[in-house]
Amino acid sequence: MFARPLAKCPNLLGGLGLMAAGTLATAAPHEAHASTWGCQVILCLATPGSPTTYAECVPPITKLWKTLALGGSFPSCSEGGVSAKTKKLSKTLYYVKSTQSDGTTSAYLINTKTSTVTTVG
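Note that the structure is predicted; figures quoted are calculated from it, not measured. (Residues numbered from 1 in each chain as written. Predicted model: local features only at pLDDT ≥ 70, side-chain atom pairs only at ≥ 80, totals over all residues. Heavy atoms only, no water.)

A. Just the overall build of the chain, in detail. Broken down by element type, the chain carries four helices and four strands. What you see in the chain, going N to C, is helices and strands ordered as α-α-α-α-β-β-β-β. Of all 121 residues assigned to the chain, the portion counted as buried reaches 22%. Working note: accessible area of the chain is about 8400 Å², and carbon and sulfur atoms make up 62% of it. (Helix = DSSP H or I, 4+ residues; strand = E, 2+ residues; numbered from the N terminus. Buried < 20%, exposed > 50% of the residue type's maximum accessible area, 1.4 Å probe, protein only. Areas by Shrake-Rupley, 256 points an atom, 1.4 Å probe, with all protein chains shown as cover.)

B. Examining the nonpolar core more closely. Among the nonpolar cores identified, the biggest contains 18 residues, and Leu45, Ile61, Phe74 and Ile110 are the most heavily contacted of them. Mapped onto this core, the elements with two or more residues apiece are helix 3 (37–45), helix 4 (58–69), strand 2 (93–99) and strand 3 (105–111). Sort the elements by how many residues they give to this core and helix 3 lands first, with five residues. Apart from the residues within four sequence positions on either side, Leu45 is in contact with Pro51, Ile61, Phe74, Tyr108, Ile110 and Val117. (Core = buried A, V, L, I, M, F, W, Y, C linked by side-chain atoms within 4.5 Å. Contact = heavy atoms within 4.5 Å.)

C. The arrangement of the environment of Ser98 in detail. Following the sequence through the fold, Ser98 ends up in strand 2. In the structure, Ser98 is positioned twelve residues away from Thr86 in sequence and 8.7 Å away in space, judged by C-alpha atoms. Those residues in contact with Ser98, other than ones at most four positions away along the chain, are Ile42, Ser83, Ala84, Thr104, Thr105, Ser106 and Tyr108.

D. Inspection of helix 4 at higher detail. Counted at 1.5 Å a residue, the expected span for helix 4 with its twelve residues is 16 Å, and the 16 Å between its end C-alpha atoms agrees. At its buried positions, helix 4 is contacted by helix 3, strand 2, strand 3 and strand 4 (116–120). Once helix 4 ends, the next one or two residues include Gly71, with phi positive near 90 degrees. (Expected span 1.5 Å × (residues − 1).)

E. View of the sheet that holds strand 4. Taken together, four strands build an open sheet; the order of strands is 1-2-3-4 and the sheet is antiparallel. Where the open sheet ends on each side, the last strands, each with one partner, are strand 1 (83–88) and strand 4. Strand-to-strand twist of the sheet, defined as the mean angle between neighbouring strand axes without regard to direction, takes the value 25 degrees. Contacts from helix 4 reach strand 2, strand 3 and strand 4 within the one sheet, and its direction differs from that of strand 3 by about 60 degrees. (Pairing = 2+ DSSP bridges. Axes fitted to C-alpha atoms, helices over the stretch in contact; angles between N-to-C directions.)

F. Representation of the environment of Lys97 within the structure. Tracing the backbone shows Lys97 in strand 2. Placed ten residues apart in sequence, Lys97 and Ala107 show a C-alpha to C-alpha distance of 4.3 Å. If sequence neighbours within four positions are ignored, Lys97 has contacts with Ser83, Ala84, Lys85, Thr105, Ser106 and Ala107.

G. The pairing of strand 4, seen in detail. Two strands pair when backbone bridges link them, and strand 3 and strand 4 are joined in this way by five bridges, in the antiparallel orientation. Within strand 4, the position partnered with Ile110 by the bridge is Val117. The turn joining strand 3 and strand 4, which pair antiparallel and follow one another in sequence, is formed by four residues; a positive phi near 55 degrees is taken by Ser115.

H. Quick peek at the packing of helix 3 against helix 4. With their axes 9 Å apart at the nearest point, helix 3 and helix 4 run at an angle of 105 degrees to one another. Of the possible angle classes, the one that applies to helix 3 and helix 4 is roughly perpendicular. Residues Trp37, Gln40, Val41, Cys44 and Leu45 of helix 3 touch helix 4, and the partners they reach there are Pro60, Ile61, Lys63, Leu64 and Thr67. Partitioned by chemical class, the residues of the contact of helix 3 with helix 4 number seven nonpolar, two polar and one charged. (Parallel < 35°, antiparallel > 145°, perpendicular 65-115°, else oblique. Nonpolar A, V, L, I, M, F, W, Y, C, P; charged D, E, K, R; others polar.)

Printed below as a string of structure tokens:
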């Protein structure tokens, strides 16, 4: 029944396949990625245990230690409804409070001397 129309339009089958593949690609779930360094830092700090538990977190957290140790400021994140407020408590101690879009908050003490992160509250 469809053999004759498909024979007359050989590109129709390829077009339908391409359309189906495009639909599946946009409908499939995608892995979330933070595109800025500040957002990567916030996500890694929120990791239970150590902020470097996952290999993907090692570079942004290493960069954070170096930046803060050299007197740089804590990075910001304005993507995905996450905001972070940072307060420098001493030369080596920072307080960071992040707020997610749903109102959930997390607070951390970051010690650049010992390269440790402690969850507060």
